[in-house]
Amino acid sequence: MFMNIKHNGIFTALGLFFCAQLVLLGNGQPPFIQGVSSISGTYLKGFDNLSQEVSVPSLPVRGQIPSWLSGTFFRNGPAKFYENDSFVDNWLDGLGMIHSYSFVNGTVSYANKFIKSSFYDFVAQTSSMAYEGFMSGKHISLAAKIKYFFKNILMQGSPNSFKQNSPNANVNIAYYDKQLVALSEIPLPIIFDQTTLETKGVMDYNDTLPHKQIWECAHPHYDSKKNEYINYFITYGRHCTYCFYSIEEGTTTRKIIASIDTQEPSYAHSFSITNNYIVFCEFPFVVNPLDLLFPTRGFINNFKWKPQRGCNFYVIDRKNGQVKGIYRTDSFFSFHHVNAYEDNDTIIIDIITYPSVEMDAVKFENILKVFKEGVSTDYANNSVLSRFTINPLLSTIDVTCLSNVPVELPQINYKQCNGSNYSYMYSASNYRKNIPFVFDSIVKINVKTGKAATWYEENCYTGEPMFVACPEQRYEDDGVILTVVLDAIAGTSFLLILDAHSFNELARAYLPHAIPFGIHGFFKINEQGK
Ligand SMILES: [Fe+2]
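I'm lost on the coordination of the iron ion in this one. Help?
Each pair of donors in an ideal four-coordinate tetrahedral metal site encloses 109.5 degrees, whereas pairs in an ideal six-coordinate octahedral site enclose 90 or 180 degrees. Around the iron ion, the protein supplies H219 (NE2), H269 (NE2), H336 (NE2) and H520 (NE2) as donor atoms, at distances of 2.0 to 2.1 Å. Around the iron ion, the four donor atoms sit at angles spanning 93 to 149°, and that spread fits a shape best called irregular.

Next comes the structure, spelled out in structure tokens:
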């Protein structure tokens with residue numbers, strides 16, 4: 001999750017060189033350890049480096065993995081946060097790592113590998129985490145930059161090799177053109193081998209649309225009825241544009257559906273689709289594009305919260321790109337749309353909403369503050385599962401609360417229900433400890449009734465749940481939930497398998513190490529494409 005639009009030419013190198021801020025390295029420990037005697041036995045282990053790359057043919061299992069479960073669960077997320085005496089200052093900017101959990105005949109194997117991005121190379125070559133990231137921009141070692149400047153830029157004569165060619169794609173995973181790719185919010189996707197997890201290079205788009213110096217959403221949608229992906233990117237410059245596009249399955253060619261001009265682009269991490277529409281919510285968390293000219297702040301630090309603007313829901317016709325309407329609400333912020341669908345004359349959009357933007361909660365200084373002092377009103381998961389109902393005929397939008405259970409990282413039975421009427425959302429949640437971005441449970445919420453089921457275990461911390469349907473699925477929740485759980489006391493993680501219908505535990509597979517808290521993933525069914 002990184003964006004920098006000024007990394008071209010010698011100006012970039014000079015800008016980085018002269019605008020660098022000396023890092024205050026403290027006592028050499030990563031920031032989340034400072035003042036804490038030990039992170040053993042605590043959830044802080046979920047923010048620690050994972051250095052080992054391993055391949056385990058068969059994990060020890062408690063319980064019974066369903067024999068029908070056949071395929072690989074890929075997970076993405078940051079896994080390296082500090083190197084020697086330098087560090088990124090927040091969870092989201094750690095170096096990306098892919099984890100795979102492959103199921104066959106009731107057994108599961110595991111492997112993990114770092115994404116070998118330009119960022120990874122930078123750290124390897126400089127022994128420093130002094131790169132600019134999504135939020136990191138302050139902890140830039142001048143010595144590291146000098147070293148990199150001479151070694152990589154002057155010697156190779158290619159300033160653009162610094163970061164832009166291969167992003168730290170630590171957010172999500174998708175399946176484009178029969179290839180698994182790791183995604184962040186800066187192009188391009190990174191292809192990795194589904195067996196070895198080795199990085200194979202960037203996946204360039206086969207079209208003439210902008211490939212670089214754009215922001216791109218890391219939550220593309222796949223419409224299995226129309227065999228196409230839908231996503232959007234933002235161009236920044238004198239004219240800024242939200243560009244919504246489709247990619248026909250089996251190709252890497254983007255075709256523009258709609259382009260919407262904006263003077264101050266919003267940061268919107270995800271969006272929704274229905275059978276006929278794209279639904280995009282423009283939050284009042286916006287950037288003056290001129291502020292992105294300076295490359296040392298961290299991309300998101302250039303955005304400003306302007307609640308007086310409210311939110312604008314754009315409903316875009318997928319066939320002709322026409323904006324069917326723009327519907328304004330009071331201000332709120334969100335990372336994740338859950339789902340959307342058309343219901344007679346209305347359009348329903350379910351979103352996890354926050355009263356305001358919550359970015360600072362992922363900074364290590366605030367994670368540590370919450371750890372030491374407990375949850376405060378400044379930093380708590382105050383999310384609400386909200387339902388917006390748009391009536392285009394009446395030009396109205398209404399909002400209701402579906403659930404007050406604090407949730408994040410939502411999933412649904414995507415293949416059956418994305419864009420359609422549905423009943424169940426699965427997500428990570430804060431059941432006991434309301435710590436932002438540290439989840440201690442998994443919930444299943446019936447969005448029609450508000451009823452919630454919970455999996456919780458003392459001293460365990462969960463990630464995003466993934467729904468995998470049975471081969472002969474009979475009902476919406478006929479399948480399993482997979483999620484990676486940190487056992488803080490054991491100091492290791494396990495893969496948890498729940499029956500999605502009853503929410504009872506079926507099995508857990510024990511991993512050889514603790515896995516840092518991840519972000520998103522993808523389940524690839526064996527032999528069936530996606
Ligand atoms: Fe996300």
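Following the structure, the description resumes.
Could you clarify how one ought to interpret the pairing of strand β33 (residues 479-487) in this entry?
Where a strand is regular, its side chains alternate between the two sheet faces. Of all nine residues that make up β33, nine are buried, and the element is covered over most of its length. Bridging between strand β31 (residues 460-462) and β33 involves three bridges; their strand directions are antiparallel. By the bridge assignment, C460 is partnered in β33 with D487. Looking at chain direction, strand β32 (residues 466-469) and β33 are connected through four bridges and run antiparallel. Across the sheet, the residue bridging to F467 is I481, located in β33. As defined by bridge partners, β33 adjoins strand β34 (residues 492-499) across eight bridges and the pair is classed as antiparallel. Paired with I481 across the bridge in β34 is L498. Between β33 and β34, which follow one another and run antiparallel, lie four residues, and G491 among them has a positive phi close to 75°.

Teacher, can you tell me more about the sheet that holds strand β26 (residues 396-403) here?
What holds strands together in a sheet is hydrogen bonding between their backbones, with the strands either parallel or antiparallel. An order of β23-β24-β25-β26 is seen for the four strands of this open sheet, with the pairing classed as antiparallel. Strands with a single pairing partner mark the edges of an open sheet, and in this sheet they are β23 (337-343) and β26. Pairwise comparison of adjacent strand axes, ignoring direction, gives a mean angle of 20° for this sheet. Examined bridge by bridge, β23 and strand β24 (residues 346-353) share six bridges and lie antiparallel to one another. Bridging across to β24, E342 finds its partner in I347.

When you look at helix α4 (residues 364-373) in this model, what are you seeing that I'm missing?
All buried positions along α4 are accounted for by F364, N366, I367, L368 and V370. After α4 finishes, the residue G374 shows a positive phi value of roughly 90°.

Can you help me understand the environment of K178 in this one?
Within the fold, K178 resides in the loop between β8 (172-176) and β9 (179-183). Sequence separation between K178 and T251 is 73 residues; the distance between their C-alpha atoms is 9.0 Å.

Just to check I follow, could you spell out the pattern of salt bridges for this structure?
Any two side chains of opposite charge can pair, so long as their charged atoms come close to each other. According to the stated counting rule, one finds 21 salt bridges in the structure shown. The salt bridge partner of E264 is R309, with a shortest N-O separation of 2.8 Å. Linking E264 in the loop between β16 (254-262) and β17 (272-273) with R309 in the loop between β20 (304-305) and β21 (311-317), this pair joins segments that are 45 residues apart in sequence. Residues participating in the shared-partner salt-bridge network are R62, E457, E505 and R508.

What am I meant to see in the packing of aromatic side chains here?
Between two aromatic rings, the relevant description is the distance of the centres plus the angle of the planes. Summed over all chains, the structure comprises 45 aromatic pairs. Arranged with centres 4.7 Å apart and planes meeting at 50°, the rings of Y222 and Y229 form a pair that is tilted. Classification of Y222 by relative accessible area gives buried; the value is 14%. Aromatic pair Y267 and F303: ring centres 6.1 Å apart, planes at 80°, arrangement edge-to-face. Of this pair, Y267 sits in the loop between β16 and β17 while F303 sits in the loop between β19 (285-286) and β20; the two residues are 36 residues apart in sequence, bridging distant segments of the chain.

Rules used in this analysis
Residues numbered from 1 in each chain as written. Predicted model: local features only at pLDDT ≥ 70, side-chain atom pairs only at ≥ 80, totals over all residues. Heavy atoms only, no water. Donors = N, O, S within 2.8 Å, 3.2 Å for Na, K, Ca; no water. Tetrahedral: all angles 85-135°; square planar, octahedral: opposite > 155°, others 65-115°. Buried < 20%, exposed > 50% of the residue type's maximum accessible area, 1.4 Å probe, protein only. Helix = DSSP H or I, 4+ residues; strand = E, 2+ residues; numbered from the N terminus. Pairing = 2+ DSSP bridges. Axes fitted to C-alpha atoms, helices over the stretch in contact; angles between N-to-C directions. Salt bridge = Lys/Arg side-chain N within 4 Å of Asp/Glu carboxyl O. Phe/Tyr/Trp six-rings, centres within 6.5 Å; stacked < 30°, edge-to-face > 60°.

From the geometry alone we can't say anything about function, so treat these as descriptive.
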